[in-house]
Amino acid sequence: MCGIVAVTGYKKALPLLMNGLENLEYRGYDSAGIATLNNGNLGRRRSLGKLAELSDLLVRDPLLGKSGIGHTRWATHGKPSVNNAHPHMTEQVAVVHNGIIENFQELRKYLEKKGIKFIYELDGMFAFACYNKVNKKIWLVRDINGAKPLYYGHHQGKLAFSSEVKSLLECGFERKVDKEAFGHFYKQGYVSGPMTLFDGIRKLTPGQIIQYDLSLIHISEPTRLRRISYAVFCLK
């Protein structure tokens, strides 16, 4: 279990990301990290241990930017280390991930043979976000079984998403009840996806992919993962 949080369209991303991670720290306390976009450049800070270590690092070496992603890691696969801490990043792409890629050994062998960098046929349980600074798009993805949660809110050109609703409430979304969702809860004892009890906050349904275009301030219509072979993304 890990925790992920991200924001875009705010004046300063860093304080919101840290507030979000504080609400998610119980989901992962082996390492933590944040990546932000500032003037077209990706920057990243990661630390081993609890969130306080990352907070101290950011005091000494802060990150600027209106957009960013954050992660707290519970190291179930791979030792706790700064190198294994999220976000994972290239010059163009930053990724945070919650879950387990079951066929990671096969993926590694395949990548080593091809000498290229991409993600192919992901099996397992996961929720992740991928930001590409070249095409200025963010992808939100949830596994087909819905094992890992991912919530998002979009309002007035601002986007935020997280593993839990309470982190989104730290990003300025109103604590206002969604009347339609409450009606579902009253009748059937639960809220059907993609609704939540909070107005303006939604959750990805199992196998759902959402694309957010930063240049257009627009969320695309959701698409679905294939049932056998999961999402295919090229990270070039």
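Before any of the text, the structure's been laid out above.
Residues numbered from 1 in each chain as written. Predicted model: local features only at pLDDT ≥ 70, side-chain atom pairs only at ≥ 80, totals over all residues. Heavy atoms only, no water.

S.K.: Talk me through a nonpolar patch on the surface; I want residue IDs and the actual numbers.
M.R.: A contiguous nonpolar patch, built from Val177, Phe182, Phe185, Tyr186 and Leu197 and spanning about 540 Å² of accessible area, is present on the exposed surface. With respect to the secondary-structure elements, leucine 197 resides in the loop between helix 5 (179-188) and strand 12 (201-203). Its relative accessible area of 34% is what places leucine 197 among the partly exposed residues. (Patch = residues over 30% accessible without salt bridge, like charges linked within 9 Å, V, L, I, M, F, W, Y side chains within 5 Å. Areas by Shrake-Rupley, 256 points an atom, 1.4 Å probe, with all protein chains shown as cover. Salt bridge = Lys/Arg side-chain N within 4 Å of Asp/Glu carboxyl O. Helix = DSSP H or I, 4+ residues; strand = E, 2+ residues; numbered from the N terminus. Buried < 20%, exposed > 50% of the residue type's maximum accessible area, 1.4 Å probe, protein only.)

S.K.: For the side chain of threonine 8, give the residues involved together with the corresponding values.
M.R.: Here threonine 8 lies in strand 1 (residues 3-8). Within the local environment of threonine 8, its side chain forms a polar contact with the side chain of serine 67, the two groups lying 2.5 Å apart. If we skip the residues at most four places from it in the chain, threonine 8 touches Lys66, Ser67, Ile138, Gly157, Lys158, Leu159, Tyr212 and Leu214. (Polar contact = N/O pair within 3.5 Å; in protein donor to acceptor, adjacent residues only side chain to side chain. Contact = heavy atoms within 4.5 Å.)

S.K.: Account for the packing of helix 1 (residues 13-24) against helix 2 (residues 51-60), with residues named and values stated.
M.R.: As a packed pair, helix 1 and helix 2 sit with axes 11 Å apart at the nearest point and diverge in direction by 165°. Between helix 1 and helix 2, the angle is such that the two are roughly antiparallel. Judged by the sense of rotation from one axis to the other, the crossing of helix 1 with helix 2 is left-handed. Contact with helix 1, carried on its side by Leu14, Met18, Leu21 and Glu22, involves Leu51, Leu54, Ser55 and Leu58 of helix 2 and no other residues of that element. Partitioned by chemical class, the residues of the contact of helix 1 with helix 2 number 6 nonpolar, 1 polar and 1 charged. (Axes fitted to C-alpha atoms, helices over the stretch in contact; angles between N-to-C directions. Parallel < 35°, antiparallel > 145°, perpendicular 65-115°, else oblique. Left-handed = near helix turned anticlockwise from the far one by under 90°. Nonpolar A, V, L, I, M, F, W, Y, C, P; charged D, E, K, R; others polar.)

S.K.: Summarise the pattern of salt bridges; cite the residues concerned and give the values.
M.R.: Evaluated as defined, the whole model comprises 4 salt bridges. The partner of arginine 27 in a salt bridge is glutamate 164, with the nearest N and O atoms 3.1 Å apart. Remark: glutamate 164 occurs in the loop between strand 11 (158-162) and helix 4 (165-169) and arginine 27 occurs in the loop between helix 1 and strand 2 (31-38); sequence separation between them is 137 residues. According to the relative accessible area criterion, glutamate 164 is buried, its value standing at 11%. Between aspartate 178 and arginine 202 there is a salt bridge, and its shortest N-O distance comes to 3.1 Å. Here arginine 202 lies in strand 12 and aspartate 178 lies in the loop between helix 4 and helix 5, a separation of 24 residues in the sequence. Look at aspartate 178 and you get buried, because its relative accessible area is 7%.

S.K.: Explain unusual backbone geometry residue by residue, including any values.
M.R.: The linkage connecting histidine 86 with the following residue, proline 87, adopts the cis geometry, with an omega of 0°. Tracing the backbone shows proline 87 in the loop between strand 4 (67-73) and strand 5 (88-89). In this model, asparagine 39 sits at a positive phi of 55°, which is unusual for a non-glycine residue.

S.K.: Mind laying out the pairing of strand 11, listing which residues take part and the relevant values?
M.R.: For strand 11, the tally of buried residues reaches 4 of 5 residues, placing the bulk of the element in the interior. In terms of strand pairing, strand 1 meets strand 11 through 4 bridges, oriented antiparallel. Within the sheet, the bridge partner assigned to valine 5 lies in strand 11 and is serine 162. Bridge count for strand 10 (residues 151-155) against strand 11 is 5 bridges, and the pairing is antiparallel. The residue bridging glycine 153 from the neighbouring strand is alanine 160, located in strand 11. Here strand 10 folds back onto strand 11, and the loop between the two strands holds 2 residues, one of which, glutamine 156, carries a positive phi near 50°. (Pairing = 2+ DSSP bridges.)

S.K.: Please provide a residue-by-residue account of the environment of valine 134, values included.
M.R.: Here valine 134 is to be found in the loop between strand 8 (124-132) and strand 9 (137-142). Its relative accessible area of 56% is what places valine 134 among the exposed residues. Distance from valine 134 to glutamine 92, taken between C-alpha atoms, is 6.4 Å for residues 42 residues apart in sequence.

S.K.: Please set out the environment of leucine 159 residue by residue, giving values where relevant.
M.R.: Inspection of the secondary structure puts leucine 159 in strand 11. The spatial distance from the C-alpha of leucine 159 to the C-alpha of glycine 9 is 6.6 Å, given a sequence separation of 150 residues.

S.K.: Can you lay out the nonpolar core for me, pointing to particular residues and giving the numbers?
M.R.: As a rule of thumb, soluble globular proteins bury nonpolar side chains together. In this structure, Val7, Ile34 and Leu54 are the most contacted members of the largest nonpolar core, which totals 25 residues. Elements represented by at least two residues in this core include exactly strand 1, helix 1, strand 2, helix 2 and helix 4. Take this core: its biggest share by element is 7 residues, from helix 1. Residues contacting valine 7, with those up to four places away along its chain left out, are Ala13, Leu16, Leu17, Lys66, Ser67, Gly68, Leu159, Ala160 and Cys171. In this structure, Ala35, Val96, Tyr212 and Leu214 belong to the second largest nonpolar core, which totals 21 residues. (Core = buried A, V, L, I, M, F, W, Y, C linked by side-chain atoms within 4.5 Å.)

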